[in-house]
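Per-entry structural report
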Amino acid sequence: MTIQGKNQPVLRPGALALSIKLLRERALEPALAFSTKLVRERLLDPTLVELLRRIVTEFGRRATRQYIVAFACMTVASACTALSAWMMKDTINKIFVDRDTVALIWIPIAVLVVFGVKGAASYWQDVILSKIGNRIVAEVQARLFEKFMRMDVKFFQRNPSNELITRITYNASSVRDMLNLVTLGVGRDLMTLLGLIVVMLSQDLVLSAIALIGGPICVVGVRKLVERVRKAAQSEISSMADIVALTREASQGIRVVKAFQLEPEFERRIGTAIAAVERLNVRMATVQARVSPLMETLGGIVIALVILYAGWRNLSFGDTPGQFFAFIAALLLAAEPAKRLSKIRLQIATAQVGATMIYDVLDLPEPETDVTPRPPLRVQNGSIRFAGVHFSYEPGNPVLKGLDAHFEGGKRHALVGPSGGGKTTIVNLLQRFWLPSGGRILIDDQPIDSVDVKSLRSNVSFVSQDAFLFEGTIRENIRAGLDVSDREIRDAAMAARADEFIQQLPGGYESRVGELGSHLSGGQRQRISIARAMLRNSPIIILDEPTSALDSETEKAIEAATAGLLAGRTSITIAHRFATVLKSDAIHVIENGRVADVGTHDELLARSVLYKRLYELQLGANE
């Protein structure tokens, strides 16, 4: 089996070729097939593949040209890395063994060119991917916000604002991260690794087989860590939402926080939430860091076996050192992309949680988006009818129980009754914030669930009790998206008795109201809210105790202004102060989700026990 050469025992050439063939067929090829199967079955689960397909289709396809350029740059950079390893053979053999002076000139120049090209390719790759990624984040955020705007009130009650803020800020980057991870993993690391594997295979098949034995082991190890990372990421997002919620509450309720000296309590709660995020980040970092010792240990074993085998080949066959150094250079250069690839599944698992939460919202049906176009609401005299309307916010706890009510067009109506009777629910259903579970609501004999919801709300003006104002200027809050002139804005403000105090502000109509109107008093906010409703000039007006935050003098002025506004229009006022409803054409007494009685103030005072009791209770409270 052996012959003598250079006083050293060597294998016969035929036996060596047979050994290499058997090693390739029985070890190398099965190992590669097993690794491929592991990657396909263990790393690329169907849920992840489908998620990636959607992300590429919906967000990545429009950047196809940029991705092609980025992939070309990655290919050039990967080829340069492989070429630098391949050049090690000639560097060692021609310069250090053969002492070739010509090679001493052209090899350093070639190395300089190769690394210069690699640097330029890497630069453009990073710039292009950064531009694509930032655009994707912006697109995801825009789509999420548009989705929020198409959802109904129920959606916002079931999803706290802190969760929505977290999704549109923190989670939106997850889509970009997944695309970047896959792009860099395939375009940079995988191509670099494949290029270096080609270099290794071109030098020695047996050494290559030894170097690749760690792949299956790494795949199995990473698979066990993925689920831990995913659970930690889900908990981290929840804790981030807690931080957002506490910050928002402390900011918006700062007066209450200061008045009741709640600073230590909020500091304790925010400290707990921050500590939870810190623990989860440490946990994820710890789990992801376990890949490094796994890879380093496998790398050490592989390199030791490669040195052992290469040394034996050199002693037995006299192989040139250049071949060995080229292989070692390729193996060492392959370590970094291999390490990044081994971590990529864990990083994708983290981004997958956020991306899944994005699609959980984007895939929701849109209750306020009509599948087929609906006719617009056409208001003639503004007659409103509730016919046998049932509604409950929670199953088994009805609020409206077969409510029948008629609000005659062009008249002033009021809703009075004990708290919890359903007054606010009636006006919410009229604006289609909610849909009744039974019965019908009609405006001029048109069921409101059969007309276009935008046309419905454009015919209804609403003044709420809390006088909500948006961040911006007074002018923007009165305009509220309408295309009107400054003259019309001021006329509405004057009618609402708001122009006087607005003119006294340093910025006038350009003064900013602050978050939730914090720069203005309650009465000022209410008058701006009333001016906004006046400018809308809708045939139907809903007033939820519009003068509750005003002093007696301003209340009388607002009542005089609204008298002109309400003339000839259908109005419904939710009243807690009876002075507001004394001049109403019809007062509807609401009790236990039904209309208990209807009439004028004098009529109800004469025949309604409930109305008389409520009226006398308020008279007593005012004395």
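Residues numbered from 1 in each chain as written. Predicted model: local features only at pLDDT ≥ 70, side-chain atom pairs only at ≥ 80, totals over all residues. Heavy atoms only, no water.

Looking at the overall build of the chain
Stated formally: Helix and strand assignments follow DSSP, with helices taken as H or I runs no shorter than four residues and strands as E runs no shorter than two, numbered in order from the N terminus. Contact criterion: two residues are considered in contact whenever any of their non-hydrogen atoms come within 4.5 Å of each other. The protein chains shown are the only cover counted for residues, whose accessible areas, like all others here, come from Shrake-Rupley with a 1.4 Å probe.
Across its full length, the chain holds 21 helices and 12 strands. Across the chain, contacts joining residues at least 24 apart in sequence account for 78% of those joining residues at least 6 apart. With the model as given, the accessible surface of the chain reaches about 32100 Å², and the carbon-plus-sulfur share is 58%.

Considering the side chain of S383
For clarity, the threshold we go by: Each residue is placed in one exposure class: buried if its accessible area under a 1.4 Å probe, protein chains only, is under 20% of its type's maximum, exposed if it is over 50%, and partly exposed if it falls in between.
Locating S383 in the fold gives a position in the loop between helix 12 (321-362) and strand 3 (384-394). For S383, a relative accessible area of 18% translates into the label buried. Other than its neighbours up to four places away in sequence, S383 contacts H406, F407, E408, G409, L442, I443, D444 and T570.

With respect to the side chain of S78
Examined against the element boundaries, S78 turns out to sit in helix 3 (residues 64-97). Those residues within four positions of S78 in sequence are excluded, and the remaining contacts are G187, R188, M191 and T192.

A closer look at helix 6 (residues 161-203)
To be explicit about the condition: A helix is expected to reach a length of 1.5 Å times the quantity of its residues less one. Axes are fitted to the seven residues ending at a residue and to the seven starting at it; the angle between these axes is taken as the bend at that residue.
Between the first and last C-alpha of helix 6 there are 61 Å, a value that for 43 residues agrees with the 63 Å anticipated at 1.5 Å per step. Of all the bends in helix 6, the greatest, near 35°, is centred on R167.

Notes on the confidence of the model for the chain
Selection criterion: Confidence of the predictor at the level of single residues is captured by pLDDT, which takes values from 0 to 100.
Averaged over every residue, the pLDDT of the chain is 77; the share at 70 or more is 75%. Note that residues 1-13 has pLDDT below 50 and, in this model, 19 contacts with residues that lie over four places away or in other chains. The model gives residues 34-43 a pLDDT under 50, and that stretch makes 15 contacts with residues more than four places away or in other chains.

Description of the packing of aromatic side chains
Counted only if it meets this: Working definition: a ring pair exists when centres of Phe, Tyr or Trp rings (six-membered ring for Trp) sit within 6.5 Å. Plane angles under 30 degrees give stacked, over 60 give edge-to-face, the rest tilted.
In the structure shown here, the tally under the stated rule is seven aromatic pairs. For the pair F155 and F156, a centre-to-centre distance of 5.2 Å together with 85° between the ring planes defines the contact as edge-to-face. Put simply, the rings of F148, F155 and F156 touch in pairs and so form one group of aromatic residues.

Some details on the pairing of strand 3
Test applied: When DSSP finds two or more bridges between two strands, those strands count as paired.
The sheet contact formed by strand 3 and strand 4 (residues 397-407) spans eight bridges and is antiparallel. Following the sheet pairing, R385 is matched in strand 4 by H406. Here strand 3 hands over to strand 4 after two residues, with G396 in that stretch at a positive phi of 85°. Note that strand 3 and strand 6 (residues 438-443) share five bridges and pair antiparallel. Across the sheet, residue H390 finds its bridge partner in strand 6, namely G438.

Overview of the sheet that holds strand 12 (residues 594-599)
Filter applied, for reference: Axis definition: a line fit to C-alpha positions, over the contact stretch in the case of helices; interaxial angles, taken between N-to-C directions, run 0 to 180 degrees.
Read from one edge to the other, the open sheet built from six strands follows the order 8-9-10-5-11-12, with strand pairing classed as mixed. Since the sheet does not close on itself, it has two edges, and those belong to strand 8 (460-463) and strand 12, each with one partner. Averaged over neighbouring strand pairs, the angle between their axes works out to 20° when direction is ignored. Two strands pair when backbone bridges link them, and strand 11 (residues 586-591) and strand 12 are joined in this way by five bridges, in the antiparallel orientation.

Regarding the nonpolar core
Applied cut-off: Nonpolar cores were defined as sets of buried Ala, Val, Leu, Ile, Met, Phe, Trp, Tyr and Cys residues, with membership established by side-chain atoms within 4.5 Å.
By size, the foremost hydrophobic cluster in this structure holds 34 residues, and its most contacted members are I55, I136, V140, L144 and M178. Taken together, the elements giving at least two residues each to this core come down to helix 2 (46-60), helix 3, helix 4 (101-150), helix 6 and helix 12. Setting aside its immediate chain neighbours within four residues, V140 contacts F59, A172, V175 and I358. Counting 27 residues, the second largest nonpolar core, distinct from the first, contains L377, L403, L429 and V460.

Thoughts on the pattern of salt bridges
This is how the line gets drawn: Only one rule defines a salt bridge in this text: a Lys or Arg side-chain nitrogen within 4 Å of an Asp or Glu carboxyl oxygen.
One pass over the structure, following the stated rule, counts 14 salt bridges. Residue D491 pairs with R487 through a salt bridge whose shortest N-O separation is 2.9 Å. With D491 and R487 both in helix 16 (residues 486-495) and four residues apart, this pair spans about one turn of that helix. By sharing partners, the salt bridges in this structure join R54, E58, R143 and D363 into a single network.

Topic: the pairing of strand 5 (residues 412-416)
In terms of burial, strand 5 is largely enclosed, as four of its five residues are buried. Alignment of strand 5 against strand 10 (residues 570-574), held across four bridges, turns out to be parallel. Of the residues in strand 10, the one forming a bridge with A414 is T573. Examined bridge by bridge, strand 5 and strand 11 share four bridges and lie parallel to one another. Bridge pairing in strand 11 places H413 opposite A586.

Brief notes about the sheet that holds strand 6
Spatially, 4-3-6-7 is the arrangement adopted by the four strands of the open sheet, whose pairing is antiparallel. Each edge of the sheet is formed by a strand with only one pairing partner; in this case those strands are strand 4 and strand 7 (446-447). Across the face of the sheet, helix 13 (residues 423-430) comes into contact with strand 3, strand 4 and strand 6 while running at roughly 110° to strand 3.

Concerning unusual backbone geometry
A positive phi angle is found at R432, which is not glycine, with a value near 60°. Summarising the element assignment, R432 is placed in the loop between helix 13 and strand 6. Classification of R432 by relative accessible area gives buried; the value is 8%.

Let's talk about the packing of helix 2 against helix 6
Rules: Should an angle lie under 35 degrees it is considered roughly parallel, over 145 roughly antiparallel, and from 65 to 115 roughly perpendicular; all remaining angles are considered oblique. Only Asp, Glu, Lys and Arg are considered charged, only Ala, Val, Leu, Ile, Met, Phe, Trp, Tyr, Cys and Pro nonpolar, and every remaining residue, Gly among them, polar.
One way to put it is that helix 2 packs onto helix 6 with a least axis distance of 10 Å and a crossing angle of 100°. By the criterion of interaxial angle, the relationship of helix 2 to helix 6 is roughly perpendicular. Contacts from L48, L51, L52, I55, V56, F59 and G60 in helix 2 reach V175, M178, L179 and V182 in helix 6. The residue makeup of the contact of helix 2 with helix 6, split by class, is 10 nonpolar, one polar and no charged.

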